[in-house]
Amino acid sequence: MSVRLLHTSDVHLGATFKVLGERGRDQHRQLRDTFARVITLALEEQVDAVLIAGDLFDSVPAARVQLPFAAEQFARLGEARIPACVIAGNHDPLGEGGASLWRDLQARCPDLAVFGPHLEARTFPERDLTVVGRSVTGELSAESPLVGLPVSRRTRHLVGLAHGSVQRPDLPARFGLITPEEIGASGVDYLALGDWHSARDLSSGGVVAWYSGSPEMIDVDQIDSGSVCLVTLRAPGDREVVRRQVGRRHAGRLALDLATAGGLEGVVREIRARADPDAALLVTLAGLARLGDRVNVERIREELASEFFRLEIRDESHLRTEAIEPSQYPENTVIGRFVRQLYEQIASRDGDARAIAEDALSYGVMLLEGKEDVLA
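Rules used throughout
- Every chain is numbered on its own, with residues counted from 1 as its sequence reads.
- A pLDDT threshold of at least 70 governs which residues receive local features in this predicted model, and a stricter bar of 80 or more applies before side-chain atom pairs are shown or counted, although totals over entire chains, interfaces and linings include all residues.
- With hydrogens and water excluded, all non-hydrogen atoms of the structure serve as input to the side-chain values.
- Helix and strand assignments come from DSSP, with helices taken as H or I runs of at least 4 residues and strands as E runs of at least 2, each series counted from the N terminus.
- To sort residues, take the accessible area from a 1.4 Å probe on protein chains only and compare it with the maximum for the residue type: under 20% means buried, over 50% means exposed, and anything in between is partly exposed.
- Between two residues, a contact is recorded if the distance between any of their heavy atoms is within 4.5 Å.
- The pairing test for Phe, Tyr and Trp rings, Trp by its six-membered ring, is centres within 6.5 Å, and the orientation test on the planes gives stacked under 30 degrees, edge-to-face over 60, and tilted for anything in between.
- Counting as a charge over the ring demands two things of the Lys NZ or Arg CZ atom: a distance within 6 Å of the ring centre and an angle within 35 degrees of the ring normal.
- Just to be clear on terms, a salt bridge is a Lys or Arg side-chain nitrogen sitting within 4 Å of an Asp or Glu carboxyl oxygen.
- Cavities and pockets are defined on a 1 Å grid built over the protein atoms alone: a cavity is a set of grid points where a 1.4 Å probe fits but cannot escape, while a pocket is an open set with protein on both sides within 12 Å along at least five of seven lines, and lining residues are those with an atom within 4 Å of any such point.
- Grid points are joined across faces, edges and corners, and a volume is the space filled by probe spheres set on the points.
- Residue type decides the class: Asp, Glu, Lys and Arg count as charged, Ala, Val, Leu, Ile, Met, Phe, Trp, Tyr, Cys and Pro as nonpolar, and the leftover types, Gly among them, as polar.
- A pair of strands is treated as paired once DSSP finds two or more bridges between them.
- Fitted lines through C-alpha atoms serve as axes, helices being fitted only where they are in contact, and the angles separating the N-to-C directions of these axes extend from 0 to 180 degrees.
- Convention used here: angles under 35 degrees read as roughly parallel, angles over 145 as roughly antiparallel, angles from 65 to 115 as roughly perpendicular, and any remaining angle as oblique.
- In this scheme the handedness of a crossing depends on how the near helix is turned from the far one: anticlockwise by less than a right angle means left-handed, clockwise means right-handed.

Along the polypeptide, D48 turns up in the loop between α1 (24-45) and β2 (49-53). A relative accessible area of 18% places D48 in the buried class. Not counting chain neighbours up to four residues away, the residues in contact with D48 comprise S2, V3, R4, I82, P83 and R127.

Another point: the packing of aromatic side chains. For the coordinates displayed, the defined rule picks out 4 aromatic pairs. Both rings, one in F35 and one in F74, keep their centres 6.0 Å apart while their planes meet at 75 degrees; by these two values the pair is edge-to-face. On the criterion of sequence distance, the pair formed by F35 in helix α1 and F74 in helix α2 (residues 60-79) is long-range, its members being 39 residues apart. The class of F35 is buried, set by a relative accessible area of 1%. A relative accessible area of 4% places F74 in the buried class. Joined through ring pairs, the aromatic side chains of F35, F69 and F74 make up one cluster. Its end group placed over the ring of F69, R32 keeps NZ or CZ at 4.1 Å from the ring centre. Against the face of F115 rests R122, its NZ or CZ located 5.2 Å from the ring centre.

What follows is about the pattern of salt bridges. Counting across every chain of the model gives 22 salt bridges. With a shortest N-O distance of 3.4 Å, R301 and E298 are connected by a salt bridge. With R301 and E298 both in helix α6 (residues 297-304) and 3 residues apart, this pair spans about one turn of that helix. Judged by its relative accessible area of 30%, R301 falls in the partly exposed class. Across the salt bridge formed by R354 and E358, the nearest N and O atoms sit 3.2 Å from each other. Of the two residues, R354 and E358 are both situated in helix α8 (residues 351-368); the distance of 4 residues between them amounts to about one turn of the helix. With a relative accessible area of 4%, E358 lands in the buried category. Each of R4, E45 and R244 takes part in a single network of salt bridges with overlapping partners.

Take the layout of surface pockets next. Taken as a whole, the second largest pocket encloses approximately 180 Å³ of empty space. If you trace the second largest pocket, you find it lined by V19, L20, G21, E22, R23, R301, A305, S306, F308, F309, R310 and L311. If you tally residues by element for the lining of the second largest pocket, the top one is strand β16 (residues 308-315), at 4 residues. Grouping the amino acids of the lining of the second largest pocket by side-chain chemistry returns 6 nonpolar, 2 polar and 4 charged.

Let us now look at the pairing of strand β11 (residues 227-235). Of all the 9 residues making up β11, 7 are buried; the element is thus mostly covered by neighbouring parts of the structure. Both strand β1 (residues 3-8) and β11 contribute to a ladder of 5 bridges, which runs antiparallel. When the bridges of β11 are listed, R4 appears paired with T232. The turn linking β11 back onto strand β12 (residues 238-245) is made up of 2 residues, and G237 within it adopts a positive phi angle of 90 degrees.

Axis separation between α2 and helix α3 (residues 99-108) bottoms out at 10 Å; the angle between their running directions is 10 degrees. Taken together, the axes of α2 and α3 lie roughly parallel to each other. Read as a crossing pair, α2 and α3 show a hand that is right-handed. Within the contact between the two elements, α2 uses V60, A63, R64, L67, P68, A70, A71 and F74 and α3 uses L101, D104, L105 and R108. Of the residues contributing to the contact of α2 with α3, the split by class is 9 nonpolar, no polar and 3 charged.

This is the structure we're talking about:
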């Protein structure tokens, strides 16, 4: 007997998205629409259980406001006799005033299984399925959320729920890290992970483990959100994970080298080619550019912003040191004195301060030479 599961996490109902300005309210509402779409997908696919690996709510105060909506969605699963297994994450922990909230939600939704602060198992005999997990309490702990695994197998299928970060060389050490070795030794058929907003396969030691990522865009710099995992368990060693897109909005990145982008027209053309009213695009301008290749980032953003949900442009390029040669300008002229003074500033600075001086030299020379059209 096989089972099919829908795994999601990091829904963050109630998030305010202040960084998005006037678009924040749109995305706040979109989280609700996307979570409803997740429930609809579970019903359409007739899954045997829904797994939510933490951070259903963005905060405990947000949960108080969003609880009636969440209860409505879980009730839809209850009507179809589909159980939902949920653990609290670091944003909506059992502690810090959250315990009563979770009790209230569970009282409204009898088919909802909310796991406590210690590892526990919930068995669904008619599905030959056991789910083990523990909620975050809100207290900093060096203990991994996988402590207590493996457990004795009482059903054909055994699934784990955990909220925390898997250890990686590029991540700084912090509390509650999960090691790949712990995943491999957990003894579960599938480990449903939450905490990362981008989908990732972290399988290890024969254990299939995934971060489903947020079902809707939460952070504009994370490009692999917007999906859920549909998991099929047929037998130990026979498991399938398929990502299904459910989110409306998506993040993207574009890196352009100003030395080869083709100037202002080329930059605008490359950005416009990715125009999408549901895209949050981060554009990074880099490289060593000639004077004429520098562009006015704010003007470009103002021109193209309406073609995206959000457009952010960062200019990390640098002026070629040979692009403006002081000897080109007589020392007794205004532009000659300006160029020499700015070169002294550039030579004495590093990092951001040097970049500011380079920009001042670039734009100052263009203005003094009457090239305002390049800045437009």
